[in-house]
Structure formats: structure tokens, C-alpha cells
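# Inside the fold
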Amino acid sequence: MRDIISVRALSALQKKRRLVKRGDEILTSKPFCFVLENSVIGQYCETCLATARKERLLSRCKGCWRAWYCSDICRDLGETQHRHECQLFRDRPDYRPKDFARFLARLIRKLKEGGEDVVERIDARRSRRFRDLMSHSKEIEKDQKRLDYLAEMMPDLQVLLGKSNIPEREELIQIFGKVHISYLDTMNSREHRRTFLQDSYYFACDCRLCRDEEHARTASSIRCRSKACGTPVHVDESGTGWVDPCGACGFCKFPRGVAYEYIEVAEYTRAELADLDEENPSLEVWRDVTEAQGALLHPLNLWRSKSLEALVTASVNMRQWSAALAPARENEAAIRHYYGPKHPYVGLYLMKLAKIELNNMEWHPALEHLQEAEEILEAGLGSNHPLVFVDLTWLLIQASEECRVDIQRSLMYGRAQATSAAGRSLAANRGRS
């Protein structure tokens with residue numbers, strides 16, 4: 001009887017699951033507390049996080065000249081959390097508190113002003129409040145690194161809140177423990193992920209990804225030297241000089257010393273990544289790094305992918321669209337490998353790749369990438385998200401129109417003349433912009 005009930009329950013569950021289609025909105029939630037980093041103030045609205053653009057200019061707060069808003073509505077909605085900082089920044093125009101200290105101060109103030117009573121509904125029966133989050137306070141009390149970090153925040157907290165409004169030590173550690181942890185980027189080595197999670201969450205991760213030996217081995221790989229293969233081949237980075245045979249074709253006659261050459265290149269790459277400015281990487285540095293890697297590292301190698309990402313960002317920042325195209329296309333496979341086919345970051349990457357392709361007159365690949373990005377981002381962010389509704393929509397319109405014109409030109413003039421005409425049109429548009 002139990003087996004029959006199980007089958008019936010499973011059948012009912014499957015029917016229920018079919019009612020929820022990919023991309024359906026299941027749950028929405030407003031941020032309990034957030035703050036813009038100092039480095040991007042003026043680029044986003046303080047309330048809705050809309051980006052500054054030609055059709056939506058941001059205006060400054062006339063009190064402190066520090067906060068920016070996209071509309072009077074957002075200014076009014078943000079007044080509750082901004083009014084305390086406004087007076088402070090007005091009196092101290094050169095004061096720049098640490099980002100996390102600002103966030104912690106806002107959170108403490110919100111909790112004192114009724115935030116403890118805010119209920120987040122999960123469904124009709126379940127809900128959560130801030131007090132339900134795990135604080136890890138016992139572990140933090142034994143973690144000198146975390147305690148030192150909290151101590152670094154204290155001078156700013158005293159300025160932002162006033163000494164009398166800072167919670168007692170035990171309560172402060174509990175609040176700190178509930179918010180000091182951020183999500184972990186899966187595009188890291190297994191050793192890095194496990195160390196980070198142990199240090200931050202105080203547990204040894206044994207998730208599916210951490211148990212995936214093949215995935216971990218691909219992160220540290222070179223190309224198979226067999227001409228007809230090209231499969232990633234694992235290299236032991238610990239310094240043993242061991243290179244595995246190719247799992248696809250069995251090739252094992254790698255040159256003597258190739259593992260040590262790999263280790264040297266990997267160490268060089270890691271050293272540069274440690275000093276990486278993600279917003280503004282050096283074009284010269286990352287050209288040198290990727291050239292040093294040459295054809296040794298496999299395209300799915302973790303260090304190769306991170307290096308290509310930095311090179312693409314640097315090239316785009318310098319408006320060197322032609323230089324950005326090849327590394328952006330090479331890195332597409334690694335981005336999909338590390339994040340999975342439907343991760344929002346894959347959608348963002350495809351948007352960036354499409355923009356690079358549009359600036360290289362690669363209209364049709366750009367349109368295909370944008371259509372795939374739309375499917376991914378609508379499911380992950382929702383169709384009303386500004387990134388989808390505004391940014392992606394405009395790129396889709398541009399790519400669609402360019403493809404239409406390109407087809408017309410090809411029919412009228414032939415492919416070679418159509419490409420030449422498109423180049424002249426693109427150069428003219430760049431000149432006007």
C-alpha cells in the first residue's frame with residue numbers, strides 16, 4: 001500500500017510541477033537593506049538602481065550632493081534611509097566611510113526603527129524575519145580574522161550612528177554574523193571554494209560541484225597534444241610534474257617539463273589576478289598574460305578563462321572592439337562550462353559578446369546571442385528588469401535592424417559590397433556619436 005501511495009504522490013507532484021513553467025515568477029522580494037559602493041555612486045539611482053543613461057539622467061541630492069536619483073518618486077522613497085546620512089555628509093563633505101560600514105550602519109538603524117518586525121512571506125504557511133537568519137556568533141567569537149574586520153568598522157560606525165546607538169557587543173556580533181557572508185562565485189577552483197566556505201560559513205562543502213572530479217580536473221588543464229583531439233588534460237599543480245593521459249584519445253607522450261612550464265604560467269597568472277582591478281584591468285598586462293599562456297592552457301582552464309575575461313574587459317574599456325572579439329569568443333565555452341547553460345551570468349556574458357560583435361559588424365551572430373541572452377535573463381531576472389526591458393531590448397532592436405539591412409544589401413549588391421557599405425555606415429555612426 002505504501003508503494004502505491006508513493007506512486008500516486010509522485011504523480012500528483014509531477015502534475016503540480018508542470019503548472020510552473022520556466023521563467024514563471026514564483027517569489028519576489030525587496031532588499032531588506034542595501035547600499036551602493038562608493039566606486040559606483042552617481043552611476044545608479046540610490047533607490048531603484050536604474051543606471052544613468054541619455055534618456056534617464058540622474059539628479060543629485062541638493063542637501064549632501066552625494067546621493068543620486070532617477071526621479072522625484074525614487075527620491076521620496078529613499079528619503080527614510082538617506083536622511084541620516086544626508087546631514088552627516090553635508091557636515092563632512094570629504095568623509096568617505098567604508099562600504100560595509102555604511103551598510104552595517106543602515107541595517108542597525110533599520111532594525112532599531114522596526115525592521116525586526118518585517119516579515120518575508122515564503123508561502124501561505126511559512127515566513128522569515130531577520131532574527132531567523134543564522135548568526136554563527138559562536139564561531140565568529142573564535143575567529144580573530146572576523147573580529148579584526150569588525151573592529152576596523154567601529155570608527156566609521158561611531159561616526160555614522162553615534163556611540164550611543166551602537167548595539168552591545170553580543171548583539172553587534174550577531175548582526176554582523178548574519179550579513180558578513182556573500183555568495184560564492186562558482187568560477188573558482190574547488191580548493192578556493194572549500195576554503196572560502198569553511199572560513200566564512202564554518203562548514204566543509206560536499207556539494208555536487210565539489211564532488212565532481214572531472215570538473216575539478218578540467219580547471220587545471222592543458223590541451224591534448226594529439227592533433228585530432230584537443231581534449232583538456234589534467235596537470236597536477238602541486239609541483240609533482242605529473243600530467244594525466246588524455247581521457248579521450250589516450251595520448252600520453254607530452255614533452256618533458258611541460259607540467260613545470262604549466263605551473264610557472266599558472267603561478268604568473270594567479271599573481272596578476274591577485275592585483276586585478278576588475279572594473280579597469282590593464283590592457284597591456286593582460287595581453288602579456290594571455291600571450292604567456294599561449295597555446296599551452298586549454299580554453300576551459302580556469303586561469304585561461306579568467307585571463308581572457310580581464311583582456312576582454314580591458315579591450316572594451318579602451319573601445320578596441322576588434323581586439324576584444326577573438327578572446328570574447330574563445331571564452332564563451334568556459335563561461336558556459338563553469339556557470340551552466342541557464343545561469344544569469346551566461347546571459348550577461350552573451351549580451352557583452354553580442355555588443356562586441358555588433359561593433360565588429362557581426363550582425364547575425366550578435367542577434368543569435370542576444371536572443372539566447374533574452375531567454376536566460378527573462379527567466380532569471382524577469383522581463384521587467386531594466387537590464388532586460390531597456391538594455392537588452394535596445395540591443396535586440398539594433399541587431400535585428402542591422403540583420404534586415406544586411407540581407408537587403410546582400411540581395412542588392414552581393415556579399416562583398418554589402419560588407420563594405422556596412423563598414424562605411426558603422427564608421428559614420430561612430431563619428432556622429
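Placed above this text is the structure.
These figures come from a predicted structure and were not determined experimentally.

### Describing the environment of Ala204
One can find Ala204 in the loop between α8 (190-201) and α9 (208-211). Through-space distance from the C-alpha of Ala204 to that of Arg193 is 9.9 Å; in sequence the pair is 11 residues apart.

### Observations regarding the pattern of salt bridges
Side-chain pairs of opposite charge can arise whenever the charged atoms involved come near each other. Within the structure shown, the criterion is met by 19 salt bridges. Lys352 is the salt-bridge partner of Glu309, the closest N and O atoms lying 3.3 Å from each other. Placement of the pair is Glu309 in helix α13 (residues 302-317) and Lys352 in helix α15 (residues 344-358), with a sequence separation of 43 residues. Taking relative accessible area as the criterion, Lys352 reaches 25% and is therefore assigned partly exposed.

### Remarks on the packing of α13 against α15
A pair of packed helices is captured by two measures, namely the crossing angle of their axes and the spacing between those axes. With their axes 12 Å apart at the nearest point, α13 and α15 run at an angle of 45° to one another. Accordingly, the angle class assigned to the pair α13 and α15 is oblique. At the point where α13 passes α15, the crossing takes the left-handed sense. On the side of α13, the interface is formed by Glu309, Val312, Thr313 and Val316, while α15 contributes Tyr345, Tyr349, Lys352 and Ile356. Grouping the amino acids of the contact of α13 with α15 by side-chain chemistry returns five nonpolar, one polar and two charged.

### Some points on the packing of aromatic side chains
The final tally for this structure, using the stated rule, is seven aromatic pairs. An angle of 35° between the planes, with centres 4.8 Å apart, marks the rings of Tyr339 and Tyr345 as tilted. Residue class for Tyr339 comes out buried when judged on its relative accessible area of 13%. Look at Tyr345 and you get partly exposed, because its relative accessible area is 25%. Linked through ring pairs, Phe100, Phe103, Tyr149 and Phe176 together constitute an aromatic cluster. Positioned above the aromatic ring of Phe32 is the side chain of Lys110, whose terminal nitrogen or guanidinium carbon lies 4.4 Å from the ring centre.

Calculation notes
- Residues numbered from 1 in each chain as written.
- Predicted model: local features only at pLDDT ≥ 70, side-chain atom pairs only at ≥ 80, totals over all residues.
- Heavy atoms only, no water.
- Helix = DSSP H or I, 4+ residues; strand = E, 2+ residues; numbered from the N terminus.
- Salt bridge = Lys/Arg side-chain N within 4 Å of Asp/Glu carboxyl O.
- Buried < 20%, exposed > 50% of the residue type's maximum accessible area, 1.4 Å probe, protein only.
- Axes fitted to C-alpha atoms, helices over the stretch in contact; angles between N-to-C directions.
- Parallel < 35°, antiparallel > 145°, perpendicular 65-115°, else oblique.
- Left-handed = near helix turned anticlockwise from the far one by under 90°.
- Contact = heavy atoms within 4.5 Å.
- Nonpolar A, V, L, I, M, F, W, Y, C, P; charged D, E, K, R; others polar.
- Phe/Tyr/Trp six-rings, centres within 6.5 Å; stacked < 30°, edge-to-face > 60°.
- Lys NZ or Arg CZ within 6 Å of the ring centre and 35° of its normal.

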